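Secondary and tertiary structure notes
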Amino acid sequence: MPRIITVAAAQMGPLQLKDTRAHAVARMLRLLERARLRGVELVVFPELALTTFFPRHYREDVAEADPWFEAAMPSPETQPLFDAARKYGIGFHLGYAELCQVADETGVVRTRRFNTAILVNGQGEIVLKYRKVHLPGHAEYDERRCVQHLEKRYFEVGNLGFPVIRAPMGGLNGINMGMMICNDRRWPEAWRVLGLQGVELVMLGYNTPAMNTSNRGYEAVHLRVQHSHMSIQSGAYQNATFAVATAKAGVEDGCEMIGASIIVNPQGEIIAQATSCEDELITADCNLEQVQFGRSTVFDFDAHRRPETYGRITAQVGAVEPPVWSKQADQQAQPVLTRADDQDKVQAAD
Ligand code: ING
């Protein structure tokens, strides 16, 4: 029995520093209206969809960046999105900068700032929240860079892990849905944590500079889209899940970002792709039953994964130097990896 949901990536063109939330929301409402006309049941908006990509702008006092953050969700400016969701019966994913008062790991409630995404159902209810874990860039002004990328200055590392929820969406009474944000897509660990929770549909937004702004080495510009697509297609294929990846694209205050939003099926095929760097709606019918092939054959995790050999993945942060081969007669035979050895070796690497 097919389980079909019609999804859309609602790609957005640039938002300039001068653009207001009302301007952004108005454009998003037009995309929602277009989605309704096409029978779309779930719309994925980009990362930080309400403002320009402000981590390119340095502020000495982080609190000076607070006007780019949402202190409430919904807020008066974003309430129209929730109203439209309820009116049309369309769910949506929204990326935004979250300003909140929550306890930290020491239990102290304080002001905290996250790069956040929420999933809202067709009744306008928030069913899932995610806070970006992999924050690229840097925390201090970097004079070598041609464009700053200060996500480590403005956001804390997300404290919600990579959650998956099974919830009704569209005409289906249960879909396993998860989220990640932008740079997360480049880290296979993020995809696998979602995959190990049976995710069937991964939603992500991104703001990706169209060129290498780090000024540390050469990266051909055509690789920007290629690396984005490789990451998403691999993640979807290796975890037998659908993925909807939505760009905020185009030139924001002189800084170009890639578009190339895509919808990918559990076999890693791109089944829809944006071709502009403007507001553009791409749609696809996703038969979630397609996830069964991958997870009952090549990626049957129960049958094929060997976690006892993966210790390094969670025990190490950076890489360690490998042992050096030598011709010494007394060179020991290559040690057989045992779980204890694996852990000891890893501890030694700390
Ligand atoms: N943007 C970029 C991204 O991961 C980046 C940053 C681009 C990192 C290219 C590495 C290479 O798509 C965000 N917002 O994470």
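So, how was this worked out
Starting from 1, residues in each chain are numbered consecutively following that chain's sequence as written. In view of the model being predicted, local features appear only for residues whose pLDDT reaches at least 70, and side-chain atom pairs are presented and counted only at 80 or more, with totals across whole chains, interfaces and linings using the full set of residues. The basis for the side-chain values is all heavy atoms of the structure; hydrogens and waters are excluded. We call a residue near a molecule or strand as soon as one heavy atom of that residue lies within 4 Å of the molecule or strand. We call two N or O atoms a polar contact when they sit within 3.5 Å, provided that within protein one can donate a hydrogen and the other can accept it, with sequence-adjacent residues counted only if both atoms are side-chain atoms. Residue-level accessible areas treat just the shown protein chains as cover; the underlying method is Shrake-Rupley with a 1.4 Å probe. When residues are sorted by character, Ala, Val, Leu, Ile, Met, Phe, Trp, Tyr, Cys and Pro go into the nonpolar class, Asp, Glu, Lys and Arg into the charged class, and all the rest, Gly among them, into the polar class. Salt bridge, as applied in this entry: a Lys or Arg side-chain nitrogen positioned within 4 Å of an Asp or Glu carboxyl oxygen. Numbering of helices and strands runs from the N terminus; a helix is a DSSP stretch of H or I covering at least four residues, while a strand is a stretch of E covering at least two. The buried label applies to any residue whose accessible area, calculated with a 1.4 Å probe on protein chains only, is under 20% of its type's maximum; exposed applies above 50%, and partly exposed to all values in between. Only heavy atoms enter the contact rule, under which two residues are in contact if any of them lie within 4.5 Å. Should DSSP find at least two bridges between two strands, the strands are regarded as paired. Axis lines are fitted to C-alpha atoms, over the contacting stretch for helices. Their N-to-C directions set the angle, which ranges from 0 to 180 degrees. Planes of paired rings set the category: under 30 degrees apart is stacked, over 60 is edge-to-face and the rest tilted, where pairs are Phe, Tyr or Trp rings (Trp by its six-membered ring) whose centres lie within 6.5 Å. Each residue carries a pLDDT score, the predictor's confidence in it, ranging from 0 to 100. Angle categories are assigned with fixed cut-offs, so that under 35 degrees is roughly parallel, over 145 is roughly antiparallel, 65 to 115 is roughly perpendicular, and the rest are oblique.

**Description of the site of the ligand**
Taken together, 13 residues form the shell around the ligand, and within it Glu151, Cys182, Asn183, Arg186 and Thr208 come nearest. Measuring from a nitrogen atom of the ligand, one finds a side-chain N or O atom of Glu47 at 3.3 Å. In the environment of the ligand, an oxygen atom lies 3.1 Å from a nitrogen or oxygen atom belonging to the side chain of Lys132. Relative to its unbound accessible surface of 370 Å², the ligand loses 85% to contact with the protein. For the shell around the ligand, the class distribution of residues is three nonpolar, four polar and six charged.

**Examining the pattern of salt bridges**
This model, assessed by the stated rule, comprises 22 salt bridges. Residues Glu70 and Arg21 are paired through a salt bridge, measuring 2.6 Å at the closest nitrogen-oxygen approach. Residue Glu70 is found in the loop between β2 (42-44) and α2 (79-88), and its partner Arg21 is found in helix α1 (residues 21-37); the two are separated by 49 residues along the sequence. For Arg113, the salt bridge is made with Asp66, and the minimal N-O distance between the two is 2.8 Å. Of this pair, Arg113 sits in strand β4 (residues 109-120) while Asp66 sits in the loop between β2 and α2, placing them 47 residues apart in sequence. This pair shows no difference in class: Arg113 is buried, exactly as Asp66 is.

**Comments concerning the side chain of Asn115**
In this structure, Asn115 sits in strand β4. In this structure the side chain of Asn115 is engaged in a polar contact, spanning 2.8 Å, whose partner is the side chain of Glu47. Setting aside chain neighbours within four positions, we find Asn115 in contact with Glu47, Leu48, Tyr96, Tyr130, Arg131, Lys132, Glu151, Phe155 and Ile181.

**Some words on the sheet that holds strand β6 (residues 164-169)**
Read from one edge to the other, the open sheet built from six strands follows the order β6-β7-β8-β9-β12-β13, with strand pairing classed as mixed. Of all strands in the sheet, those with a lone pairing partner are β6 and β13 (270-273), marking the two edges. If you compare each strand with its neighbour and ignore which way they point, the axes differ by 25 degrees on average. Across three bridges, strand β9 (residues 242-247) lies against strand β12 (residues 262-264) in antiparallel orientation.

**What to know about the packing of aromatic side chains**
Applying the stated criterion across every chain, the model contains ten aromatic pairs. Between Phe82 and Phe92 the ring centres are 5.4 Å apart and the planes differ by 85 degrees, which places this aromatic pair in the edge-to-face class. You can see Phe82 sitting in helix α2 and its partner Phe92 sitting in strand β3 (residues 91-103), a full ten residues away along the chain. Neither Phe82 nor Phe92 differs from the other in exposure class; each is buried. Taken together through their ring pairs, the aromatic side chains of Phe54, Trp68, Phe69, Tyr154 and Phe155 make up a single cluster.

**Some details on the confidence of the model for the protein**
Residue-level pLDDT values for the protein average 95, and 95% of them are 70 or greater. Predicted confidence is poor over residues 346-350, with pLDDT under 50, and the contacts of this stretch with residues over four places away or in other chains come to five contacts.

**Observations concerning unusual backbone geometry**
Residue Pro74 is bonded to the preceding Met73 through a cis peptide linkage, with omega at 0 degrees. Position of Pro74 relative to the elements: it lies in the loop between β2 and α2. Positive phi is not limited to glycine here, since Cys182 has a value of about 45 degrees. Along the chain, the position of Cys182 falls in the loop between β7 (172-181) and α4 (188-195). Residue class for Cys182 comes out buried when judged on its relative accessible area of 6%. A positive phi angle is found at Ala240, which is not glycine, with a value near 45 degrees. With respect to the secondary-structure elements, Ala240 resides in the loop between α5 (222-238) and β9.

**What to know about the packing of α1 against α2**
Two elements in contact, α1 and α2, have axes separated by 10 Å at closest approach and are oriented at 10 degrees. In terms of orientation, α1 lies roughly parallel with respect to α2. Facing Val25, Met28, Leu29, Leu32, Glu33 and Arg36 of α1, the residues of α2 in contact are Pro80, Leu81, Ala84 and Tyr88. Residue composition of the contact of α1 with α2, by class: eight nonpolar, no polar and two charged.

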